[in-house]
Amino acid sequence: MPQFEDPDFQRLAASLGDVTPTSSRSFDLVFDDNLCVTVSGHLKRPDVCVDVWCHDVSAYVGAPRRALVDTLLLLNRSAQAGQPFRVGLDSRDFIVVHASQAMDRLEGGTFGAWLIWMLDQGRLVRELVRTIGFENSRLAYELAPALAAAPQGDQ
């Protein structure tokens, strides 16, 4: 297995089997349902960060995009089971679920269990996004065209 700069991070990566580094402190995983994950060691703290790349929303504009952003902001106010995470929208219009934990809390099977929990959160957020965008439905957003000028009544 290639080397990471941090021996503790190396052990965590090894606990998942054969992973290929994307840098000296990160690696990517791709799952069967096309869920992509980046696992990285924090630059300044002994933390592990997990980013679950859920969905490309570049096609969302107008009201659907506002509804999506409002929903994601509401999610950010929440924490489940004492494990807070954040949901964001990156510069490429990808929705990402992010969390970090201290490396010393991820010994043994704890890292794998946390990674599975994060994947579950990513899948739930992806399904929420698909539902908001009516992607799995015959329904769709239909915005009425703007009128050139509103009627002013009898003049």
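For clarity, every value in this text was computed on a predicted model and none was experimentally measured.

**Topic: the overall build of the protein**
- The helix and strand tally for the protein stands at three helices and eight strands.
- When the helices and strands of the protein are listed from N to C terminus, the series reads α-β-β-β-β-α-β-β-β-β-α.
- For the protein, the share of sequence-separated contacts (at least 6 apart) that also reach a separation of at least 24 residues comes to 50%.
- Accessible area of the protein: about 9700 Å², with a carbon and sulfur share of 54%.

**Observations regarding the packing of aromatic side chains**
- Applying the stated criterion to the full structure yields four aromatic pairs.
- With 5.9 Å between their ring centres and 55° between their planes, phenylalanine 4 and phenylalanine 27 make a pair best called tilted. Of this pair, phenylalanine 4 sits in the segment before helix 1 (7–14) while phenylalanine 27 is found in strand 2 (residues 26–30), placing the two residues 23 residues apart along the sequence.
- Between phenylalanine 9 and phenylalanine 27 the ring centres are 5.7 Å apart and the planes differ by 45°, which places this aromatic pair in the tilted class. Taken as a pair, phenylalanine 9 in helix 1 and phenylalanine 27 in strand 2 lie far apart in primary sequence, 18 residues in all. For the residue pair phenylalanine 9 and phenylalanine 27, the accessibility class agrees, reading buried in each case.

**Things to note about the sheet that holds strand 2**
- The antiparallel open sheet is built from six strands, whose spatial order is 1-2-3-4-8-7. Looking at the sheet topology across the chains shown, the edges are occupied by strand 1 (21–23) and strand 7 (86–89). If you compare each strand with its neighbour and ignore which way they point, the axes differ by 25° on average.
- Examined bridge by bridge, strand 4 (residues 47–56) and strand 8 (residues 94–102) share nine bridges and lie antiparallel to one another. Within the sheet, the bridge partner assigned to valine 52 lies in strand 8 and is valine 97.
- Across the sheet, helix 2 (residues 62–76) touches strand 7 and strand 8, and the angle it forms with strand 7 is around 155°.
- Packed onto the sheet, helix 3 (residues 110–132) meets strand 2, strand 3 (36–41), strand 4, strand 7 and strand 8 and runs at close to 25° relative to strand 4.

**Observations regarding the pattern of salt bridges**
- Scanning the entire structure with this criterion turns up seven salt bridges.
- As a salt-bridge pair, arginine 11 and aspartate 8 come within 2.1 Å of each other at their nearest N and O atoms. Linking arginine 11 with aspartate 8, this pair stays in helix 1, spanning three residues, or about one helical turn.
- Taking relative accessible area as the criterion, aspartate 8 reaches 33% and is therefore assigned partly exposed.
- Via salt bridges that share partners, Asp33, Asp120, Arg123 and Arg126 belong to a single interconnected network.

Procedures and definitions
- Residues numbered from 1 in each chain as written.
- Predicted model: local features only at pLDDT ≥ 70, side-chain atom pairs only at ≥ 80, totals over all residues.
- Heavy atoms only, no water.
- Helix = DSSP H or I, 4+ residues; strand = E, 2+ residues; numbered from the N terminus.
- Contact = heavy atoms within 4.5 Å.
- Areas by Shrake-Rupley, 256 points an atom, 1.4 Å probe, with all protein chains shown as cover.
- Phe/Tyr/Trp six-rings, centres within 6.5 Å; stacked < 30°, edge-to-face > 60°.
- Buried < 20%, exposed > 50% of the residue type's maximum accessible area, 1.4 Å probe, protein only.
- Pairing = 2+ DSSP bridges.
- Axes fitted to C-alpha atoms, helices over the stretch in contact; angles between N-to-C directions.
- Salt bridge = Lys/Arg side-chain N within 4 Å of Asp/Glu carboxyl O.

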